[in-house]
Amino acid sequence: MTETGVAPEAVEASGRGGWAMFLRNKAAVVGLIVFTGIVLMNLFGPTLYGVDSDAMVARPFSGPGEGTAPLLGTDYLGRDVLAGVLGGGRTTLVVGAVAAAMSISIGLVIGSLAGFYGRWVDSMFMRLTELFQTLPTLLFAMVLLTLMGPSSRTVALSIGLVSWPAAARLTRAEFLKIRELEYVKASRAIGAGDLRIMLRTILPNAMPPLIVATALTVGLAILFEAGISFLGLGDNRVVSWGSMIGKNQGFILEAWWTVTFPGIAIFLTVLSISMMGDGIQDAFNPKLRGR
Amino acid sequence: MLTLARGIGLRLVQAFGLLLAVIVLNFILIQIAPGDVALTLAGEQGSGSPEFLAAVRARFGLDQPLLVQLFRYVWNVLQFDLGHSYYWERPVMDLIQEKLFSTVLLAGTALAFAMTIGVILGVFTARRPESPASHGVTFLSLVGYALPVFWTAIMLLVVFVAKLDLFPIGGMEDPRFEGGTIAHIVDVAYHLVLPAFTLGVIYLAYYSRLARASMLDVLESDYIRTARAKGVDERSVVYRHALRNALIPVVTIAGLQFGALFSGAVLVETVFSWPGMGRLAYEAIIRQDTPLMMGLLIVSAALVIVANLLTDVVYRMIDPRIRVGGK
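In this text the structure is predicted, and so the values were computed from the model without any measurement. (Residues numbered from 1 in each chain as written. Chains lettered and ligands numbered in written order. Predicted model: local features only at pLDDT ≥ 70, side-chain atom pairs only at ≥ 80, totals over all residues. Heavy atoms only, no water.)

Caption draft 1: Seen up close, the overall build of chain A. Secondary structure assignment for chain A yields 13 helices and zero strands. Ordering the α and β elements of chain A from the N terminus gives α-α-α-α-α-α-α-α-α-α-α-α-α. Counting across all 291 residues of chain A, residues that qualify as buried make up 52%. (Helix = DSSP H or I, 4+ residues; strand = E, 2+ residues; numbered from the N terminus. Buried < 20%, exposed > 50% of the residue type's maximum accessible area, 1.4 Å probe, protein only.)

Written out as C-alpha cells, the structure reads:
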C-alpha cells in the first residue's frame, strides 16, 4: 500500500465503505435495479416474448389493448411495438458502452499527459481539446458518419471520437491538483518513473470523479446513439429504440404509442444510469451530497 | 480598462487560431474521405460530369501539391467561399446565411430561457438545501437530463398540438400570414414557443443543478460568513454578495454549451420543421451533400467561437479578478 503511495482515505472510499454508502442511497439502488432490469430485458426479453420485431403481426396502428392487438399496439407496418421495445436497446446499450469507453480512454490519455507534464505538452493537448470542443458534437459525428458510412461500428467510433473533451479536461484538472501533493513527491523521491507515478500514484486518487464522469458519459452516449438512429443515420437493418421513434414520427397523430414506449425505454435507461452516477458521487464524496 | 481590452485582444487572436484549426481539420477530413476528393467536394452522387469535375479540380487546385491545396482551401473559406451545394446547386454560404438567423434565434431563446429559470430555481433551492422543493429540483434535473430531446419534441407535439390544439405543428411562420411587422414578430414568437422550450429543458435541468451547487458553495465561504457577522441582512447577502460569485461558473459553462446547443438544434429543428441550420444539416446528410455538410460544420464552429468570445467578455465583466495572463 505505502509503496504505491495511495492515500489511505482514497482506499477507504473506493473499497467497502464506498459500496455501503452507495447502498444507503435509495435513488442509486433504484437506479441499479432499473438498469439491471433493462439489461436483462434486452438480453432475454425477445426470446421469452417470442415475437419477431420485424414481422407484421396485426393490422397497422392497432392501439394498445384494442381487440386482439398486442399489449403495446402495432406500428404503421403492423409490427409489434412491444417486441421492438424489448430488444431495441441491444444496439443502443452496446454502442453507448463502447463509445463511452472510447471517449473516456481518449480523455484519460490526453488529460493525464497534459496534466502531468504541463508546459508545451499541456498547451498542445489543450489546444486540441479546444478544437474538438468547438465543433458541435452531433454535426461532427454526422460528418464522420458520411465519410465512414453507417454501421453500428462507425456510429460508436464517431460518438467516441467527438465526445472525449469533457473527460480530458476533468482528468487534466485532477492530475494538476494531485501531482503537487506530498505523496507524489515521496513517490518520486524513492525513484518511481513517470509512468509509474501516473498509473499507480495519481490515477487511483483521481478515480472517484472519473467514475462519476463515466456514468454521465455512458448516459450521454446512449442519448447520442438514440439521436443518430432517430435521424436514420445508424445501421438501418437493426431495430433500435431511436430508429423506432424516427420511423414512426410521421404517424404520431394517428398512433401515439409507437413513439411513446420506445422513448420511455431510452429515458428510463439514461435516468437509471444518472441515478447510479449520483449514488457513486455521494459514496465517494459525502461532502457534495445532493449537489 | 486597458487590461480588459488587452485580454480581449489576446482572446481574439486565439479565436482566429482556433478557426484556422477548424478549417484545416475540415480539409484533412475531406482528404481522408474514401473516394475521389473532387467527387467528395462535388457531392457524392450525380453531377459527376467531366466538365464539372474539371472545374472543381481547377477551383480547389486538386492537381497541385497538397500544401498548395490546403492554403487554397483555407483562403477560399476565409473569403466565405464554402463551395457549391450539389443538391441545391447554389453556393453553400448563401444557403447557410438564409438559415443562420432562425437557428441563432432558436438556440438563443432556449439558452436564455434555461439560464434564467435555471438560476432562479438554483438560487431559490440553495437557500433551503434540505427542503422537499430542493430535492425536487435535483430530481427534476436528472429527469431533464435523461429525456431524449427528439422524443420530448414529439410528445409535446402530441399533447399541445394534436390533443389541445394550442400551438402550430411546425415551421417558423404561418405561410398564409399577412400583416405588419409587429404581428409578424408575434407570429414567429408563437411558432417559437414549443421548439425553444424543448431545446431549453435539457439545459434548464443542467443550469438549475449547477446554480444550486455553485450557490451552496458560495454561501459556505468565509466572506459570506463575514458579511453575515457584520449584520448585513440576509436578502442582501444572498442577492448582492453571493449571487454575483455563484453566477461565474454558470456563465462559463453556458459558453461551453453553445456547441451542444447546436447539436440539440439538429434534432429539434427536424421534428418541428424549423427552417434552420440543423434541419439543413439533416437534409444535407440524407442527400449526401458533402460540401454543404462541411460548410455547416465550419460555420457552426465559427458561431461557437464567437459565442465563447462573448462569454469571455461577460465573464471578465462579472469577475474583476480576471486579468490577462492570470489563471
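Having seen it, we continue.
Caption draft 2: Main features of the overall build of chain B. A count of helical and extended segments in chain B gives 13 helices and two strands. In chain B, which comprises 327 residues, the proportion classed as buried is 50%. Accessible area for chain B stands at about 15800 Å²; split by element, carbon and sulfur atoms hold 67% of it. (Areas by Shrake-Rupley, 256 points an atom, 1.4 Å probe, with all protein chains shown as cover.)

Caption draft 3: Expanded view of helix 11 (residues 194–230) of chain A. Residue and element names in this part refer to chain A. Compared with an ideal rise of 1.5 Å per residue, which puts 37 residues at 54 Å, helix 11 spans 45 Å between its outermost C-alpha atoms and falls more than 12% short. Residue L203 marks the point of greatest curvature in helix 11, where the axis turns by about 55 degrees; the proline P204 follows within four residues. Just past helix 11, the residue G232 takes up positive phi, approximately 80 degrees. (Expected span 1.5 Å × (residues − 1). Bend = angle between axes of the 7 residues up to and from the residue.)

Caption draft 4: Seen up close, the domain arrangement of chain B. All names here are of chain B. With domains assigned, chain B is organised as domain 1 (2–78) and domain 2 (92–318). Domain 1 puts 20 residues into the contact, and the matching count from domain 2 is 15 residues. For the pair domain 1 and domain 2, the summed buried surface comes to about 1500 Å²; carbon and sulfur atoms form 74% of the total. Our count for the domain 1 to domain 2 interface comes out at zero salt bridges. In this structure, the connection of domain 1 to domain 2 is made through zero residue pairs in polar contact (both at pLDDT 80 or more). Only helix 1 (2–32), helix 2 (37–42) and helix 4 (66–78) provide two or more residues apiece to the side of domain 1 that touches domain 2. The dominant element in the side of domain 1 that touches domain 2, judged by the number of residues it contributes, is helix 1, at 12 residues. (Domains from an automatic or database assignment. Contact = heavy atoms within 4.5 Å. Buried area = accessible area lost by both parts, 1.4 Å probe. Salt bridge = Lys/Arg side-chain N within 4 Å of Asp/Glu carboxyl O. Polar contact = N/O pair within 3.5 Å; in protein donor to acceptor, adjacent residues only side chain to side chain.)

Caption draft 5: Quick peek at the confidence of the model for chain B. All names here are of chain B. Considering every residue of chain B, the mean pLDDT works out to 78; 87% of them sit at 70 or more. No element of chain B has a lower mean pLDDT than helix 2, at 62, and none a higher one than helix 12 (residues 277–286), at 86. In the predicted structure, residues 323–327 sits below a pLDDT of 50 and forms eight contacts with residues beyond four places in sequence or in another chain. We note a pTM of 0.83 for the whole complex and an ipTM of 0.82 for its interfaces. (pLDDT = per-residue confidence, 0-100.)

Caption draft 6: Looking closely at the packing of helix 9 (residues 222–229) of chain B against helix 10 (residues 234–256) of chain B. All names here are of chain B. As a packed pair, helix 9 and helix 10 sit with axes 10 Å apart at the nearest point and diverge in direction by 160 degrees. In terms of axis orientation, helix 9 runs roughly antiparallel to helix 10. Judged by the twist between their axes, the crossing of helix 9 over helix 10 is right-handed. Contact with helix 9, carried on its side by Y223, I224, A227 and R228, involves E234, V237, H241, A242 and N245 of helix 10 and no other residues of that element. Its residues assigned to classes, the contact of helix 9 with helix 10 shows five nonpolar, two polar and two charged. (Axes fitted to C-alpha atoms, helices over the stretch in contact; angles between N-to-C directions. Parallel < 35°, antiparallel > 145°, perpendicular 65-115°, else oblique. Left-handed = near helix turned anticlockwise from the far one by under 90°. Nonpolar A, V, L, I, M, F, W, Y, C, P; charged D, E, K, R; others polar.)

Caption draft 7: Just the pattern of salt bridges, in detail. Residue and element names in this part refer to chain A. In the structure shown here, the tally under the stated rule is four salt bridges over all chains. Here R172 and D122 are joined by a salt bridge, their closest N and O atoms 2.6 Å apart. Here D122 lies in helix 6 (residues 119–134) and R172 lies in helix 9 (residues 165–178), a separation of 50 residues in the sequence. Each member of the pair, R172 as well as D122, is classed as buried. Here E130 and R127 are joined by a salt bridge, their closest N and O atoms 3.3 Å apart. Here E130 and its partner R127 are both found in helix 6, three residues apart, which amounts to about one turn of the helix.

Caption draft 8: Molecular detail of the nonpolar core. Counting 153 residues, the largest nonpolar core has F140, M142 and I228 of chain A together with I96 and F150 of chain B as its most contacted members. The biggest single contributor to this core is helix 8 (residues 181–219) of chain B, with 14 residues. Of the domains in this structure, domain 1 (2–78) and domain 2 (92–318) of chain B are the two that each give at least three residues to this core. For F150 of chain B, the residues in contact, after removing those within four places along its chain, are A226, G227, F230, I245 and I266 of chain A together with L267 and V271 of chain B. (Core = buried A, V, L, I, M, F, W, Y, C linked by side-chain atoms within 4.5 Å.)

Caption draft 9: Broad picture of the packing of helix 5 (residues 89–117) of chain A against helix 9 of chain A. Residue and element names in this part refer to chain A. For the pair helix 5 and helix 9, the least separation of the axes is 7 Å and the interaxial angle reads 35 degrees. The crossing of helix 5 and helix 9 is right-handed. The segment helix 5 lies against helix 9, with S103, I104, G107, L108, I110, G111, S112, A114, G115 and F116 engaging A167, A168, T171, R172, F175 and L176. Considering only residue class, the contact of helix 5 with helix 9 consists of nine nonpolar, six polar and one charged.

Caption draft 10: Spatial organisation of the packing of aromatic side chains. By the definition in use, this model includes five aromatic pairs over all chains. Taking 4.4 Å as the distance between ring centres and 20 degrees as the angle between the ring planes, the aromatic pair formed by F230 of chain A and F150 of chain B counts as stacked. Here F230 of chain A is found in helix 11, whereas its partner F150 of chain B is found in helix 7 (residues 149–163) on a different chain. The pair formed by F230 of chain A and F150 of chain B is uniform in burial state, with each residue classed as buried. Cluster of aromatic residues (ring-pair linked, three or more members): F132, F140 and W164 of chain A. (Phe/Tyr/Trp six-rings, centres within 6.5 Å; stacked < 30°, edge-to-face > 60°.)

Caption draft 11: Structural view of the interface of chain A and chain B. Listed by partner, the interface residues are 43 residues for chain A and 50 residues for chain B. Taken together, both faces of the contact between chain A and chain B bury some 4400 Å²; the carbon and sulfur share is 78%. The tally of links from chain A across to chain B stands at one salt bridge. A salt bridge links D278 of chain A to R209 of chain B, with the nearest nitrogen and oxygen atoms 2.9 Å apart.

Caption draft 12: Main features of the environment of E89 of chain B. Along the chain, E89 of chain B turns up in the loop between strand 1 (84–85) and strand 2 (90–91). Taking C-alpha positions, E89 of chain B is 22 Å from V74 of chain B, a pair spaced 15 residues apart along the chain.

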